[in-house]
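Okay, here's what each chain looks like letter by letter:
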Amino acid sequence: MTQDDRTKAAVRPVETQRLDAFVDASFAFAVTLLIIAGAEPLNGFNDLLRAMGRIPAFACGFGLVVMFWLGHRNFGRLAPIRDSWSATLSLMIVFMILIYVFPLRLLTEAGAAYFSGGRLPGREVIRSFEQLRDIYTIYGVGFALLCWLYFLLYGHALKRGAVSGLAEEDRDEAAEARAIWGFITLAGLFSAAL
């Protein structure tokens, strides 16, 4: 790759910038849904305490959403030029994260209640073992699908190489990221199967 090619690859087209801005905004909206989905009007001090009790569950959900956002941001750094397939995969990731946020919230709230011995809110979210099994299955499938989309996204950048702006010295990092997303996909599927 010549210096001119590297310079062209380093310049992100306006379409790519707009797509990445949309993806970033969608992740921010997903985080907002984590808050809003559990938010209730505060009518007194007890309501405030209950809302504060949701912070650990929100932190767990926030961490997972940020993990996916960082994966897309890292992809954008490694492969700054998008074609129609990488744009489609990015939009599919947005679609999935906006769906995934709801089972994520249920699971993190139920988990926070369980691990706190019922001191944190969320005990009422899942009322039976069957519901817990179903939410784990839904969560595991959604998690695996999201990870699989990242696996495809990084694989596409590796396949397209310089056309996607992937510098030769970044190929190993992209291949490692692809392998990690593939492993996490299998973990999600295994979790759902259990």
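The structure under discussion appears in the preceding block.
Residues numbered from 1 in each chain as written. Predicted model: local features only at pLDDT ≥ 70, side-chain atom pairs only at ≥ 80, totals over all residues. Heavy atoms only, no water.

Visitor: I'm lost on the overall build of the protein chain in this one. Help?
Guide: Within the protein chain one finds seven helices and zero strands. Sequence-ordered secondary structure for the protein chain, helices as α and strands as β, is α-α-α-α-α-α-α. By its C-alpha atoms, the protein chain is 65 × 40 × 25 Å across when sized along the principal axes. Within the protein chain, buried positions represent 41% of all 194 residues. Contacts spanning at least 24 positions in sequence make up 80% of the contacts within the protein chain whose residues lie at least 6 apart. (Helix = DSSP H or I, 4+ residues; strand = E, 2+ residues; numbered from the N terminus. Buried < 20%, exposed > 50% of the residue type's maximum accessible area, 1.4 Å probe, protein only. Contact = heavy atoms within 4.5 Å.)

Visitor: Where do I start with the packing of helix H4 (residues 55-78) against helix H6 (residues 129-160) in this structure?
Guide: Two quantities define a packed helix pair, namely the angle between the helix axes and the distance between the axes. For the pair H4 and H6, the least separation of the axes is 10 Å and the interaxial angle reads 10 degrees. Between H4 and H6, the angle falls in the class roughly parallel. When H4 is examined against H6, the residues Leu64, Met67, Phe68, Trp69, Gly71, His72, Asn74, Phe75 and Leu78 are found in contact with a partner set consisting of Tyr139, Phe143, Leu146, Cys147, Tyr150, Leu153, Tyr154 and Ala157. Looking at the contact of H4 with H6 residue by residue, the class counts come to 14 nonpolar, three polar and no charged. (Axes fitted to C-alpha atoms, helices over the stretch in contact; angles between N-to-C directions. Parallel < 35°, antiparallel > 145°, perpendicular 65-115°, else oblique. Nonpolar A, V, L, I, M, F, W, Y, C, P; charged D, E, K, R; others polar.)

Visitor: Mind showing me how you'd approach the side chain of His156 here?
Guide: By the element assignment, His156 lies in helix H6. Relative accessible area serves as the criterion here: at 12%, His156 is assigned to the buried category. Of the polar contacts made by the side chain of His156, one reaches the side chain of Asp83; its length is 2.7 Å. Setting aside residues up to four positions removed in sequence, His156 forms contacts with Asp83, Trp85 and Ser86. (Polar contact = N/O pair within 3.5 Å; in protein donor to acceptor, adjacent residues only side chain to side chain.)

Visitor: I would appreciate a short explanation of the packing of aromatic side chains in the present structure.
Guide: For any pair of aromatic rings, the description consists of the separation of the ring centres together with the inter-plane angle of the planes. Applying the stated criterion across every chain yields a total of 11 aromatic pairs. Among the aromatic side chains, those forming a connected cluster through ring pairs are Phe68, Tyr100, Tyr139, Phe143, Tyr150 and Trp181. (Phe/Tyr/Trp six-rings, centres within 6.5 Å; stacked < 30°, edge-to-face > 60°.)

Visitor: Even after reading the chapter, I still don't get the pattern of salt bridges, so can you show me in this structure?
Guide: When the charged atoms of two side chains lie near each other, side chains of opposite charge can form a pair. Considering all chains together, one arrives at seven salt bridges under this definition. Across the pair Asp20 and Arg82 runs a salt bridge, and its minimum N-O distance is 2.8 Å. You can see Asp20 sitting in helix H2 (residues 14-38) and its partner Arg82 sitting in the loop between H4 and helix H5 (84-115), a full 62 residues away along the chain. Counted as one network, the salt bridges with shared partners bring together Arg54, Arg105 and Glu109. (Salt bridge = Lys/Arg side-chain N within 4 Å of Asp/Glu carboxyl O.)

Visitor: What's the story with empty space enclosed by the protein in this structure? I'm lost.
Guide: Rolled over the atoms, a probe with the dimensions of a water molecule shows which regions are left empty. If you walk through the whole model with that rule in mind, you get two cavities of 30 Å³ or more. Considering only enclosed or pocket space, the second largest cavity measures out at about 30 Å³ in volume. For the second largest cavity, the full set of lining residues is Phe75, Ile81, Arg82, Asp83, Ser86, His156 and Ser164. Partitioned by chemical class, the residues of the lining of the second largest cavity number two nonpolar, three polar and two charged. (1 Å grid on protein atoms, 1.4 Å probe; cavity = no way out; pocket = protein on both sides within 12 Å on 5 of 7 lines; lining within 4 Å. Points joined across faces, edges and corners; volume = space filled by probe spheres on them.)

Visitor: Before we go on, may I ask you to explain the layout of surface pockets in this structure?
Guide: Empty space within the largest pocket amounts to approximately 290 Å³. Every residue along the wall of the largest pocket is listed here: Leu107, Ala110, Gly111, Ala113, Tyr114, Phe115, Gly122, Arg123, Ile126, Ser128, Leu132 and Tyr136. Elements with a minimum of two residues in the lining of the largest pocket: H5 and H6. Considering only residue class, the lining of the largest pocket consists of eight nonpolar, three polar and one charged.

Visitor: Hey, could you run me through a nonpolar patch on the surface in this one?
Guide: On the surface, a nonpolar cluster with roughly 590 Å² of combined accessible area is contributed by Leu42, Phe45, Leu48, Leu49, Met52 and Ile55. The greatest single-element share of the nonpolar patch, amounting to four residues, is contributed by helix H3 (residues 45-53). Locating Phe45 in the fold gives a position in helix H3. According to the relative accessible area criterion, Phe45 is exposed, its value standing at 57%. (Patch = residues over 30% accessible without salt bridge, like charges linked within 9 Å, V, L, I, M, F, W, Y side chains within 5 Å. Areas by Shrake-Rupley, 256 points an atom, 1.4 Å probe, with all protein chains shown as cover.)

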